Amino acid sequence: MSGIGLILVIIAGVLFVIFATAKFNLHPFLSLLIAAFAIGILSGMPLEDVVTTVNDGFGGLMGSIGLVIVFGTIIGVILEKSGAALRMAEVVLRLVGEKRPQLAMSAIGSIVSIPVFCDSGYVILSSLKKALANKTKVTVASMAIALSTGLFATHTLVPPTPGPIAAAGNIGAENYLGTIILIGVIVAIPTIITGYIWAVKAGTKIHVEEREDDSAYSYDEVVRSFGKMPSAFKSFAPILVPILLISFNSIITFAGWSGAVFSFFLFLGSPVTALLVGVLCAFTLLPKFDKETMNDWIGISLKEAAPILLITGAGGAFGSVISSTDIADIIEGIAQNDAAAGALFIFIPFIVAAALKSAQGSSTAAIVITSTLVAPLLPQVGIEGALPLALVVMSVGAGAMVVSHVNDSYFWVVKEFSGMSITQAYKAQTMGTLLQGIVAIAVTSVLWYIFV
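As the structure is a prediction and not an experimental result, all values here were calculated from the model.

A. Seen up close, the overall build of the protein chain. A tally of regular secondary structure across the protein chain gives 21 helices and 0 strands. Taken over the C-alpha trace, the protein chain has a radius of gyration of 22 Å; the compact-globule value for 452 residues is 22 Å, and the two agree within 12%. Across its three principal axes, the protein chain shows a C-alpha extent of roughly 65 × 55 × 45 Å. Burial status across the protein chain gives 57% buried among its 452 residues. Here the analysis covers contacts within the protein chain between residues at least 6 apart in sequence; of these, 80% occur between residues at least 24 apart. Of the roughly 18,300 Å² that the protein chain leaves accessible, carbon and sulfur atoms contribute 67%.

Written out as structure tokens, the structure is:
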């Protein structure tokens, strides 16, 4: 099949994924696989080729990015369980100062959420947020917005968070993680600032009814209740060491340096090796080496990584089937006849991811599915290389912010742990994530037009 018929089949497959996950709550793993088989069969592919293409797409993506996702999740769980995330929060708070509590919470959230899922990060830091709000006499809502938006920005934009890593693997940019981390930080900074400004402007006008336990939060007591926490050096090492290794790998590759020493650092800076080094650094945070820490904590990590791996693999299968059809020739013809197609392409991932995020609630699922959908189109519109592909990941991440509302588990975490009503949470969390997504795609588009 080719032409308009093929386009309609692919559109129907995409709509099925959105409708099945949003309306019938079908897991994205199954919806993507069903859509992959349906598109392959309806497009006229030989049946044996459909099976082969699905298997190759699933296995190929797991081979390139699967271990990176697993290692990143292990680091996040150890940081959470060992108290290292709280140590990082305390360090940032001392650096920023208690006179700017909302800024401190935004910064704390943005750092903690790089390895730790934003839902978990919010729960971990909730008592610190309330205690600091009481100590500095600012509204709980403003602190809640600052923390939630800080967590959300890096959760969708900066590796080694699983979503951006999966997106990089889907579009063939797994070897450019250093560039993606750098661009992610650049895009995340104004996005975090946007959340901070929204927290100060809107959050101070939202007054949450005080609950009985809120007045019990003393900042000093909360810090003491954390118990003995790891040192700052040990706490930051599992994040910073892999990022530095990956970044150095990118520098060596860009500069074209050669030799035994540089080859060794290229090995250390490959994403899989760098994240494995991060896991080894995380082991220094373990309070003891027993069944609980060495087995149970790792087991929790694997359980958290499993859904992401399955969705990512299914996304690879879905994208592989689409790539095997004649859609590439159709897109190439459109791109050749319309010079604006490539220039405007950066907005397509944003729109698709925003639609998926708003429809089914999960930012990670929106990132994985969107990156899968756009991957076959990238070569046809001339998008290749580290920087263009990094900006595509940013566009996907920006869309996955828009918006957090009632079908998003994170929305309810923020609402319940802050004490806001649903209406207040809409004003605070939903509007805040909308503004963040708009700023993120605006910054991404500016970088696109300057450098691409």
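B. Looking closely at the pattern of salt bridges. Summed over all chains, the structure comprises 5 salt bridges. The closest approach of N and O atoms between Glu90 and Arg87, which form a salt bridge, is 2.7 Å. In this pair, Glu90 and Arg87 are both assigned in helix H4 (residues 84–96), 3 residues apart and thus about one turn of the helix distant. The salt bridge partner of Asp290 is Lys288, with a shortest N-O separation of 3.5 Å. A relative accessible area of 25% places Asp290 in the partly exposed class.

C. Quick peek at the side chain of Ser31. Its place among the elements puts Ser31 in helix H2 (residues 28–42). Classification of Ser31 by relative accessible area gives buried; the value is 0%.

D. How the structure looks around empty space enclosed by the protein. A complete count under the given rule lists 1 cavity of 30 Å³ or more for this structure. There is about 40 Å³ of room inside the largest cavity. Every residue along the wall of the largest cavity is listed here: Thr73, Gly76, Val77, Glu80, Pro115, Val116, Phe117, Ser120 and Glu304. Here the lining of the largest cavity takes 4 residues from helix H3 (residues 47–82), the largest share from any one element. Here the residues of the lining of the largest cavity are counted per class, giving 4 nonpolar, 3 polar and 2 charged.

E. Structural detail: the packing of aromatic side chains. As enumerated under the stated definition, the model contains 9 aromatic pairs in all. Both rings, one in Phe411 and one in Tyr426, keep their centres 5.5 Å apart while their planes meet at 50 degrees; by these two values the pair is tilted. One end of the pair, Phe411, is in helix H20 (residues 409–418); the other, Tyr426, is in helix H21 (residues 422–451), and 15 residues separate them in sequence. In textbook terms, an aromatic cluster arises when at least three aromatic residues are bridged by ring pairs, as seen for Phe248, Phe264, Phe265 and Phe267.

F. Up close: the nonpolar core. Of all hydrophobic cores here, the largest spans 136 residues; its most connected members are Ile108, Leu125, Ile171 and Phe318. By residue number, the principal contributor to this core is H3, which donates 12 residues. Residues in contact with Ile108, not counting those within four places in the same chain, are Ala89, Val92, Leu93, Leu125 and Leu128.

G. Expanded view of helix H8 (residues 162–170). Counting buried positions over the 9 residues of H8 gives 9, a clear majority of the element. Turning to H8, its buried residues number three or more, namely Pro162, Gly163, Pro164, Ile165, Ala166, Ala167, Ala168, Gly169 and Asn170. Close packing links the buried residues of H8 with H3, helix H7 (140–157), helix H9 (177–201), helix H14 (291–324), helix H18 (363–374) and helix H19 (386–399).

H. How the structure looks around the packing of H2 against H14. Orientation of H2 relative to H14, taken along the N-to-C sense of each, is 15 degrees, at an axis distance of 8 Å. By the angle between their directions, the pair H2 and H14 is classed as roughly parallel. When you trace H2 past H14, the crossing you get is left-handed. On the side of H2, the interface is formed by Pro28, Phe29, Leu32, Leu33, Ala35, Ala36, Ile39 and Gly40, while H14 contributes Leu310, Ile311, Ala314, Gly315, Ala317, Phe318, Val321 and Ile322. Its residues assigned to classes, the contact of H2 with H14 comprises 14 nonpolar, 2 polar and no charged.

I. Examining H3 more closely. Look at H3: 50 Å from first C-alpha to last across 36 residues, which is about the 52 Å you get at 1.5 Å a residue. Ile65 marks the point of greatest bend in H3, at about 50 degrees. With its phi angle positive at about 90 degrees, Gly83 sits one or two positions after the end of H3.

J. Molecular detail of unusual backbone geometry. Note that the residue after Pro159, namely Pro160, is joined by a cis bond; omega there is 10 degrees. Within the secondary structure layout, Pro160 lies in the loop between H7 and H8. Cis geometry is adopted by the peptide bond preceding Val403, which originates at Val402 and carries an omega value of -10 degrees. Among the structural elements, Val403 can be located in the loop between H19 and H20. Positive phi outside glycine occurs at Lys137, with the angle close to 60 degrees. Residue Lys137 is classed as exposed on the basis of its relative accessible area, which comes to 74%.

K. How the structure looks around the environment of Phe117. By the element assignment, Phe117 lies in the loop between helix H5 (101–112) and helix H6 (118–136). Counting along the chain gives 37 residues from Phe117 to Glu80, while the straight-line C-alpha distance between them is 9.7 Å. Contacts of Phe117, omitting those with residues within four sequence positions, involve Thr73, His155, Pro162, Glu304 and Ile308.

L. Representation of the side chain of Thr372 within the structure. Counting through the fold element by element, Thr372 comes out in helix H18. Assessed through its relative accessible area of 2%, Thr372 is described here as buried. Among the polar contacts made by the side chain of Thr372, one reaches the side chain of Asn170 at a distance of 3.4 Å.

Definitions and limits used
- Residues numbered from 1 in each chain as written.
- Predicted model: local features only at pLDDT ≥ 70, side-chain atom pairs only at ≥ 80, totals over all residues.
- Heavy atoms only, no water.
- Helix = DSSP H or I, 4+ residues; strand = E, 2+ residues; numbered from the N terminus.
- Rg over C-alpha atoms; globule rule 2.2 N^0.38 Å.
- Buried < 20%, exposed > 50% of the residue type's maximum accessible area, 1.4 Å probe, protein only.
- Contact = heavy atoms within 4.5 Å.
- Areas by Shrake-Rupley, 256 points an atom, 1.4 Å probe, with all protein chains shown as cover.
- Salt bridge = Lys/Arg side-chain N within 4 Å of Asp/Glu carboxyl O.
- 1 Å grid on protein atoms, 1.4 Å probe; cavity = no way out; pocket = protein on both sides within 12 Å on 5 of 7 lines; lining within 4 Å.
- Points joined across faces, edges and corners; volume = space filled by probe spheres on them.
- Nonpolar A, V, L, I, M, F, W, Y, C, P; charged D, E, K, R; others polar.
- Phe/Tyr/Trp six-rings, centres within 6.5 Å; stacked < 30°, edge-to-face > 60°.
- Core = buried A, V, L, I, M, F, W, Y, C linked by side-chain atoms within 4.5 Å.
- Axes fitted to C-alpha atoms, helices over the stretch in contact; angles between N-to-C directions.
- Parallel < 35°, antiparallel > 145°, perpendicular 65-115°, else oblique.
- Left-handed = near helix turned anticlockwise from the far one by under 90°.
- Expected span 1.5 Å × (residues − 1).
- Bend = angle between axes of the 7 residues up to and from the residue.
- Polar contact = N/O pair within 3.5 Å; in protein donor to acceptor, adjacent residues only side chain to side chain.

Worth remembering: the numbers are spatial, not functional.
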